[in-house]
Amino acid sequence: MTHDRLLIIDFGSQVTQLIARRLRELNVYCEIHPYQNVTDALLKDIAPRAVILSGGPDSVTRDGSPRAPEAVFTMGVPILGICYGQQVMMQQLGGKVVSGEGTAEFGRAFVRPEGDAIALLDGWFTEGQEQVWMSHGDHVSALAPGFAVYGTSPNAPYAITADLARNFFAVQFHPEVHHTPRGKDLFKNFIRLAGFKGDWTMGAYRAEAIAKIRQQVGDKKVICGLSGGVDSSVAAVLIHEAIGDNLTCVFVDHGLLRQNEAAEVVAMFRDNYNIPLIHADESDLFLGALEGMSDPEEKRKTIGKLFIDVFQKYANQIDGAEFLAQGTLYPDVIESVSFSGGPSVTIKSHHNVGGLPEKMGLKLVEPLRELFKDEVRALGHELGLPPHFIGRHPFPGPGLAIRCPGQITREKLEILRKADAVYIDQIRKHGLYDDIWQAFVAILPVRTVGVMGDGRTYDYACALRAVTSVDGMTADYYPFTHEFLGETATRIINEVKGINRVTYDITSKPPGTIEWE
């Protein structure tokens, strides 16, 4: 890769990914690495033009707490420390950090300028102070030699500090979060100071990725598990552009898709891209295996196992396949490397083809593993995928199985498909689709009494779900008007036989997950 690189050293902050997202939005290529993985060899390999030290939950006053590699401070490149990253810089470079009463600051705060104006803060303090987002229990009490203070807040006397001779900068707040309104300007100023060209674009990435795929694959054959989602679709079109008919896609239809979804996916790939495609209709197999099953983890694991078995069955029909393509994204790569080295709690099993490469003796092709979700969508536009397809809401691998709590039946699935189609149609008619991260209907495992005309009904209840999010890690419910909800409920009850009660789920994530199971 010929792009300038920025290294983000991660100390365990919950929002480290947001730093990378902000930089990618500014056309800067960056990588996140846990602090314990940043060796001299890694620094030599990445050769970063600049380094950012992330926040983190620990205290630098504790013996054994995380530290930055000393080599980082002698590389001669600009450094920006954020929150814990600021405190690490001060502690390691000769300053002092204190804990205790009066040092904490959480939530919205206001920083006022101190001393001379500096280039890092161009565009800041035009109205005398700036709103920032604080989240710290300790604070810097004495600056390291060479540093001066350029901004203060009530509980952070050194909220903005810098050693201008070395281009070392440090802030106690979080410029990466939405609640620091001019945080993006701070990052823009930092990368300008570091001399980045801003050449990380999806047009450039497309050409590089195609060359890399050709180099890796040569004249061998690749199979791709196509789900119909944005990630696997973009990966398939990109690989097809690189190797043509040496790619074959396998679309496993498990009978748990939305209304008309299978036909739309197959038509798009066969009619628009002429990509060799196997449409594996295995709905009877999946629905038969799920009959009588109600535990959500058992559902997910059953679907995942069957998917692997079915995919392997059809993949074996492709002579000479040596590679398996997957739509792995950069957040998947980051999250696969544990910050602490300890085990993570399994919230729910994820549906993928992770067990296939080893089982089938295949090598992996993962052309999206350096991209965030929004970058994948941008790449999809570069590749000419239809805008309505690129902008589709995420859809889970297990499909409607996890939107059908309790036992799954063909009758319930058909009711769910019709209700979901009405709901999404309503969202589109009101011009809200692109404002929402994900929206769907869940059919509940209860029947309720109702009245239609002069007759009694005893039908299913359903729940509408719509959330806003940046990356799916956290989410909040979408604030529909009561008029919209009333109109939608009326349409569903009138148009979908089998539902007589509609509710709206207003749970955020956390404590809930986006999906119901």
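Residues numbered from 1 in each chain as written. Predicted model: local features only at pLDDT ≥ 70, side-chain atom pairs only at ≥ 80, totals over all residues. Heavy atoms only, no water.

What to know about the side chain of Asn500
Moving on, step 1. Mapped onto the secondary structure, Asn500 falls in strand β20 (residues 499-504).
Moving on, step 2. There is a polar contact of 2.9 Å between the side chain of Asn500 and the side chain of Thr457. (Helix = DSSP H or I, 4+ residues; strand = E, 2+ residues; numbered from the N terminus. Polar contact = N/O pair within 3.5 Å; in protein donor to acceptor, adjacent residues only side chain to side chain.)

With respect to the environment of Ile514
Moving on, step 1. Within the secondary structure, Ile514 is located in the segment after β20.
Moving on, step 2. With a relative accessible area of 7%, Ile514 lands in the buried category.
Moving on, step 3. Separated by 45 residues in the primary sequence, Ile514 and Ser469 have C-alpha atoms spaced 10.0 Å apart.
Moving on, step 4. In this structure, Ile514 is in contact with Trp437, Gln438, Phe440, Arg465, Val467, Gly472, Ala475 and Lys509, ignoring residues within four places of it in sequence. (Buried < 20%, exposed > 50% of the residue type's maximum accessible area, 1.4 Å probe, protein only. Contact = heavy atoms within 4.5 Å.)

Structural notes on the sheet that holds strand β14 (residues 277-281)
Moving on, step 1. What the five strands build is an open sheet, ordered β14-β13-β12-β15-β16; its pairing is parallel. Every interior strand has two partners, whereas the edge strands, β14 and β16 (363-365), have only one. Averaged over all adjacent pairs, the angle separating strand axes in this sheet is 30°, with direction ignored.
Moving on, step 2. Where strand β12 (residues 221-226) lies against strand β15 (residues 321-325), four bridges are found, and the strand directions are parallel. By the bridge assignment, Lys221 is partnered in β15 with Ala321. (Pairing = 2+ DSSP bridges. Axes fitted to C-alpha atoms, helices over the stretch in contact; angles between N-to-C directions.)

Topic: the environment of Gln131
Moving on, step 1. Relative to the helices and strands, Gln131 resides in strand β7 (residues 130-136).
Moving on, step 2. With relative accessibility at 23%, the residue Gln131 sits in the partly exposed group.
Moving on, step 3. Residues Gln131 and Ile275, 144 residues apart in the sequence, show an inter-C-alpha distance of 51 Å.
Moving on, step 4. With residues up to four places along the chain from it excluded, the contact list for Gln131 reads Arg108, Ala109, Phe110, His179, Thr180 and Pro181.
Moving on, step 5. Polar contacts involving the side chain of Gln131 include one to the side chain of Arg108, which spans 3.5 Å.
Moving on, step 6. A distance of 3.0 Å separates the side chain of Gln131 from the backbone oxygen of His179, its partner in a polar contact.

A look at the pattern of salt bridges
Moving on, step 1. Using the criterion set out here, one finds 30 salt bridges in the structure.
Moving on, step 2. Residue Arg22 pairs with Glu25 through a salt bridge whose shortest N-O separation is 3.5 Å. Pair noted here: Arg22 and Glu25 are both in helix α1 (residues 16-25), with a separation of three residues, about one helical turn.
Moving on, step 3. Among the ionic pairs, Glu517 bridges to Lys299, the shortest N-O distance being 2.9 Å. In this pair, Glu517 sits in the segment after β20 while Lys299 sits in helix α9 (residues 296-315), placing the two residues 218 residues apart along the sequence.
Moving on, step 4. On the accessibility criterion, Glu517 (12% relative accessible area) is buried.
Moving on, step 5. Here Lys299 falls in the buried class, since its relative accessible area comes to 1%.
Moving on, step 6. One salt-bridge network, held together by shared partners, links Asp425, Lys429, Arg491 and Glu495. (Salt bridge = Lys/Arg side-chain N within 4 Å of Asp/Glu carboxyl O.)

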